[in-house]
Every structure is written in C-alpha cells, then in structure tokens.
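# Fold and geometry: a report
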Amino acid sequence: MERGGRIYQRVLCKAHADTEHLILSDSRLHHKLEEWNRRIFSSTSALVDVDEDQDKAPLLAVLDLTNRCNQHCPVCFADVAEDRGYFLDLETVRRMLRSLVDRQSQPCRHIQFSGGEPTLHPQFLEVLSMAREMGFDHIQVATNGSRFAHHDFARRCEDAGLHTLYLQFDGMSDEVYLALRGQPLLDQKLRVFENLVRTNMRAVLVPTIVAGLNVDQLGPIFRFALEHSQHVTGISVQPMAATGRVKVLQPADAAFNLGDLALEFSRQTGLTRVPDDWIPLNALSMLTRGVARLRGEIPQSPACDAHCSVGTYFYIDDDNKPTCLTSFLDLERLLVAAGELKAVEGRGRLLRSISALTQLKQLSSCFDRARAPRGLSFLRLLRGLDGWEDKSVGRARRWFQRGFNGMFVAGMHFMDSTNYSARRVGRCIIKYVTTDGQVLSFCRYNAGERYRTAEEATRLAMCERAHH
C-alpha cells in the first residue's frame with residue numbers, strides 16, 4: 001500500500017498479529033518498477049517467452065565450497081558456524097558444476113563460488129581450473145578478500161581462471177568494519193586492490209548497508225571505485241536482511257531499502273535523479289534477448305522481478321570522471337526498442353548483416369551526440385554494452401580503447417520475513433546449486449523455507465562419512 005510517498009507491505013498471519021513494513025521509500029520508483037514488470041512479463045510483451053518457471057536457467061549460479069570462515073561477522077546471512085565445518089570434495093564439486101552445464105533447457109555458465117570463505121578451500125585453485133575446463137565463461141568468487149591481500153595468491157587465482165572478485169567492501173572507515181565485521185579491515189581491503197591492479201581481474205564492491213551505521217559510505221565507496229575504475233565493474237549494494245546472523249544495532253523501526261539507495265546515492269554524489277536515472281535489472285533482459293535474436297542465438301538471460309534489483313549506470317572517462325548514461329542516452333527507449341529487434345532469416349549472409357545493421361542504426365536516435373562525453377560515439381557505446389553482456393569481451397586487453405569504461409551502482413534486496421514475496425521468488429535468477437543437483441532460489445535457500453539448514457546438514461554428514 002502507498003502512504004506518504006512510500007510503499008508498505010502488510011503481512012497477515014493466523015498465528016501472529018498482523019504487521020506492516022516499509023519496503024520502498026519512494027513511491028515514484030515503485031510505479032516505475034511495476035511498469036517494467038508489466039513490460040517484461042505481460043502476455044502481450046515482446047518478451048512473452050520469459051516466464052516464471054522456477055526451473056529456468058539462473059543468470060548466476062552460486063556454489064558454496066565450505067561453511068568455514070576466517071571471520072565471525074556480526075552480520076552473516078549464511079550464519080557460518082564455528083564448531084562444525086566441511087570442505088566439499090572435488091568430485092562433489094564437479095558433479096554440481098556438471099548439473100549446471102548439462103541442463104536440458106538452458107545451461108548456466110556463470111558461476112560464483114561462495115561459502116563461508118571459499119578461498120579457504122584447500123583445493124580452491126583446482127576448483128577454478130575445473131570450472132574453466134568445463135566451459136564456464138564467467139567465474140567469480142564471493143570473498144572477504146583476506147587471501148587476496150597476498151599478491152602470489154591473486155596471481156595464481158587469475159592463472160587458474162578466476163575473472164571477478166565479488167568483494168565484501170562496507171566502507172572507507174574502520175569504524176564501519178568494527179561494527180559489521182568485528183575487526184578493522186580497511187588496510188586489508190586496500191592491499192587487495194594493490195594486488196588486483198597488477199592482474200587483469202575485475203572486482204565488484206559489495207557493501208552490506210545498515211540503517212544508521214554506514215548509509216553515509218555510499219559516496220565514499222563510489223569515489224574509491226572511480227579511482228580504480230578500470231578494475232571495478234560496479235558496486236552491488238546489499239541492504240541488510242534479517243536472516244542468518246544479525247547482531248548489529250540499528251535505530252528502532254529503521255531499515256534500508258532500494259528506494260533509500262537511490263535517494264541517498266543521489267544526495268551524496270549529485271550524479272543521479274530519482275526515479276529518472278534508475279532502472280531495474282530486468283530491463284536489461286530486453287537488450288540481451290533482443291541482441292540474441294538478432295544474432296540468431298538462443299536467448300540466455302531470464303528476467304527477475306523488477307523489485308529484486310535497481311541500478312544506475314555510468315560512463316567513466318580517462319580522468320575517472322563519471323557521466324550517468326541517461327544524461328545523453330534515452331536508455332528506457334533504447335531498451336524497449338532493443339526488445340523489439342527481430343531475427344533475420346531466409347537471406348544470404350550479406351543481406352542478413354545489412355538488415356541487422358539497419359535495425360541497430362534505428363537505435364542510434366536514442367543517443368544524443370551533443371550531450372555525450374567527448375570521444376564517445378554510439379558505436380563505442382554499443383561495444384561497451386556488448387562488453388557488459390559478454391564478460392570475456394569486457395576483460396580483453398586494451399578493451400578501454402575499443403569500448404567504453406562503464407560502471408554500475410545497483411542494489412539487490414534479498415528477502416526476509418518483512419518483505420518476502422512469492423512472486424519475486426518465482427522469478428529468481430540468482431540460484432544455489434545443491435549437492436544433489438537441485439537449483440534453488442537465493443531467497444528460498446537463505447530465507448523463507450531456508451533450505452540452507454538441510455543442505456548444510458547433508459554436507460556435514462557427507463564429510464563425517466568420508467572421515468570414517
């Protein structure tokens with residue numbers, strides 16, 4: 001329900017008193033997200049083939065290698081235990097990866113290794129090499145970064161096939177790390193970047209944001225990202241969810257949501273307008289699916305619910321100056337038009353190429369050359385977007401001389417009892433793979449039914465049997 005320019009969700013329960021929770025702090029953004037849901041999931045949409053089938057391929061699969069960790073953070077949605085731990089054996093990992101690439105409908109070739117702290121796995125480098133050899137084209141690790149503070153480890157991970165660090169990065173102050181991680185970690189994070197820039201790997205900075213604690217760090221984190229823009233793909237903000245281990249105090253009845261992200265980032269940087277410059281992640285599926293049709297390829301990008309993730313996008317020039325794409329690009333019109341791109345069939349190769357170029361040229365009217373940063377053409381913009389879609393392109397040497405250096409700032413709001421939505425779960429594109437090959441929604445795994453509990457028990461039992 002809408003009240004005072006904000007959106008609330010009422011939870012009705014036969015066993016407990018009814019409750020009401022703020023889920024989005026800007027009703028204008030809410031209406032924009034609902035409009036994108038209608039575009040993506042409407043039966044009259046150009047994306048009618050996108051459905052809510054829970055067995056559809058995830059955009060990114062998560063595989064926990066261990067529940068062991070070298071930190072004991074006051075905030076941990078995995079609620080990593082200290083007493084009983086496991087490391088998955090290589091054959092189990094191989095079987096789980098195989099269940100992703102051998103999917104009958106659409107294979108998943110984007111993998112994130114997680115935990116616990118996955119880099120503690122004694123065969124972590126072998127796991128990376130295995131994923132590369134099995135054909136995964138984007139390999140990332142969700143990490144606190146502790147082992148990447150050592151240059152030799154970072155180099156060996158790159159050699160083994162690692163592409164991206166999904167790096168815990170809560171702010172530019174040790175006071176923040178003491179509150180959220182229980183220890184001062186800023187120097188360690190800075191050493192990670194000293195090593196990262198000596199490789200061709202990329203990082204996504206991942207701050208957990210808690211109301212009343214580190215909301216003011218959005219601007220400083222973005223400025224740090226700009227200083228390392230050729231190695232930072234973006235910032236993925238995670239509002240703290242009340243699931244797992246939560247031992248951090250925040251103001252009574254306070255919460256940080258995706259509306260707060262857009263409003264606070266805009267206030268702290270002055271670079272964006274709300275809701276004009278913010279779009280949901282599912283809007284990008286129009287671009288990727290339209291381009292796939294144009295190429296005659298099978299679309300590989302399922303769409304999530306618009307309320308799962310909201311972001312804004314920047315062009316970064318050679319002086320690390322950011323320009324929001326929407327200041328020179330009608331991004332919404334471009335995405336809608338891209339979703340209407342048609343496959344070209346029944347013609348010779350030359351005519352197919354000409355037809356494809358004609359369709360792409362029609363998109364150029366969305367680009368305002370007069371307002372665009374110097375040196376950025378529509379063709380270079382398309383190459384940059386191609387690099388975002390195809391991670392191997394974006395990692396190519398001398399990439400920034402062909403495409404453009406881009407960066408996203410986005411939030412992904414994982415669910416808990418205050419904002420749980422069956423619709424969002426049904427449209428999930430970030431999924432866990434289990435030891436028996438099931439593929440489960442992130443929020444169903446960590447909240448809701450919390451399948452993590454049963455899966456962890458299975459893994460511990462496997463580990464105990466292996467030691468007897």
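This structure is a prediction, so every number in the text was calculated from the model and none was measured.

Right, let's talk about the overall build of the chain for a bit. Looking only at helices and strands, one finds 16 helices and 18 strands in the chain. Taking the contacts inside the chain whose residues are at least 6 apart along the sequence as the reference set, 73% of them involve residues at least 24 apart. Accessible area of the chain: about 20,800 Å², with a carbon and sulfur share of 50%.

Let's shift gears to the pattern of salt bridges. For the coordinates displayed, the defined rule picks out 23 salt bridges. Of the charged contacts, one joins Arg273 and Asp277 as a salt bridge, the two residues approaching to 2.8 Å between their closest N and O atoms. Taking the relative accessible area as the measure of exposure, Arg273 reaches 46% and is therefore partly exposed. A salt bridge links Arg444 to Glu449, with the nearest nitrogen and oxygen atoms 3.0 Å apart. Residue Arg444 is classed as buried on the basis of its relative accessible area of 16%. Residues participating in the shared-partner salt-bridge network are Glu34, Asp305, Arg423 and Arg427.

The residue Ser114 is located in strand S6 (residues 110-114) in this model. For Ser114, a relative accessible area of 8% gives the class buried. What Ser114 contacts, discounting residues up to four positions off in sequence, is Val62, Leu63, Asp64, Leu65, Thr66 and Ala142.

Of all eight residues that make up strand S11 (residues 232-239), seven are buried, and the element is covered over most of its length. Examined bridge by bridge, strand S9 (residues 202-206) and S11 share three bridges and lie parallel to one another. In the strand pairing of S11, Val204 is matched with Gly234. The pairing of strand S10 (residues 208-209) with S11 spans two bridges and is classified as parallel. If you follow Ile209 over to S11, its bridge partner there is Pro239.

Before going further, it helps to spend a moment on the sheet that holds strand S3 (residues 19-24). Strand order in the open sheet formed by three strands is S1-S2-S3, and the pairing between neighbours is antiparallel. Two strands lie at the open edges of the sheet, namely strand S1 (2-3) and S3, each paired on one side alone. Looking at chain direction, strand S2 (residues 6-11) and S3 are connected through five bridges and run antiparallel. Looking across to S3, one finds that Tyr8 is bridged to Leu22.

Our focus in this paragraph is the packing of aromatic side chains. Summed over all chains, the structure comprises 16 aromatic pairs. With 5.1 Å between their ring centres and 85° between their planes, Phe222 and Phe265 make a pair best called edge-to-face. Of this pair, Phe222 sits in helix H7 (residues 218-227) while Phe265 sits in helix H8 (residues 258-269), and the two are 43 residues apart along the sequence. Phe265 sits in the buried class, given a relative accessible area of 1%. Note on Phe367 and Phe378: the rings are 5.8 Å apart at their centroids and 55° apart in plane angle, and the pair reads as tilted. Here Phe378 lies in helix H12 (residues 378-389) and Phe367 lies in the loop between helix H11 (349-363) and H12, a separation of eleven residues in the sequence. Members of the aromatic cluster, each reached through a chain of ring pairs, are Phe77, Phe414, Tyr432, Phe442 and Tyr445. The aromatic ring of Phe41 is capped on one face by Arg427, whose charged end is 3.6 Å from the ring centroid.

Our next topic: the confidence of the model for the chain. Per-chain confidence: the chain averages 87 in pLDDT, with 87% of residues scoring 70 or above. The model gives residues 44-52 a pLDDT under 50, and that stretch makes 20 contacts with residues more than four places away or in other chains.

Let's shift gears to the pairing of S6. A large share of S6 lies buried, amounting to four of its five residues. Two strands pair when backbone bridges link them, and S6 and strand S7 (residues 138-143) are joined in this way by four bridges, in the parallel orientation. If you follow His110 over to S7, its bridge partner there is His138. The handedness of the S6 to S7 crossover, carried by helix H3 (residues 124-133), is right-handed.

Okay, the packing of helix H9 (residues 284-295) against helix H10 (residues 331-338) next. Two elements in contact, H9 and H10, have axes whose closest approach is 7 Å; the angle formed by their N-to-C orientations is 40°. Regarding the angle of H9 to H10, the classification is oblique. Considering the relative orientation of H9 and H10, their crossing is left-handed. Residue-level inspection shows Leu284, Met286, Leu287, Gly290 and Arg293 of H9 in contact with H10, the latter providing Leu335, Val336 and Ala338. The residue makeup of the contact of H9 with H10, split by class, is six nonpolar, one polar and one charged.

A few words on H3. Of the residues making up H3, those classed as buried are Phe124, Val127, Leu128, Ser129, Met130 and Ala131. Where H3 is buried, its residues meet helix H2 (90-101), S6, S7 and helix H4 (151-160). Two residues or fewer after H3 comes Gly135, characterised by a positive phi angle close to 100°.

Here is what the cut-offs are and how they apply
Residues numbered from 1 in each chain as written. Predicted model: local features only at pLDDT ≥ 70, side-chain atom pairs only at ≥ 80, totals over all residues. Heavy atoms only, no water. Helix = DSSP H or I, 4+ residues; strand = E, 2+ residues; numbered from the N terminus. Contact = heavy atoms within 4.5 Å. Areas by Shrake-Rupley, 256 points an atom, 1.4 Å probe, with all protein chains shown as cover. Salt bridge = Lys/Arg side-chain N within 4 Å of Asp/Glu carboxyl O. Buried < 20%, exposed > 50% of the residue type's maximum accessible area, 1.4 Å probe, protein only. Pairing = 2+ DSSP bridges. Phe/Tyr/Trp six-rings, centres within 6.5 Å; stacked < 30°, edge-to-face > 60°. Lys NZ or Arg CZ within 6 Å of the ring centre and 35° of its normal. pLDDT = per-residue confidence, 0-100. Right-handed = clockwise from strand over helix to strand, strands pointing away. Axes fitted to C-alpha atoms, helices over the stretch in contact; angles between N-to-C directions. Parallel < 35°, antiparallel > 145°, perpendicular 65-115°, else oblique. Left-handed = near helix turned anticlockwise from the far one by under 90°. Nonpolar A, V, L, I, M, F, W, Y, C, P; charged D, E, K, R; others polar.

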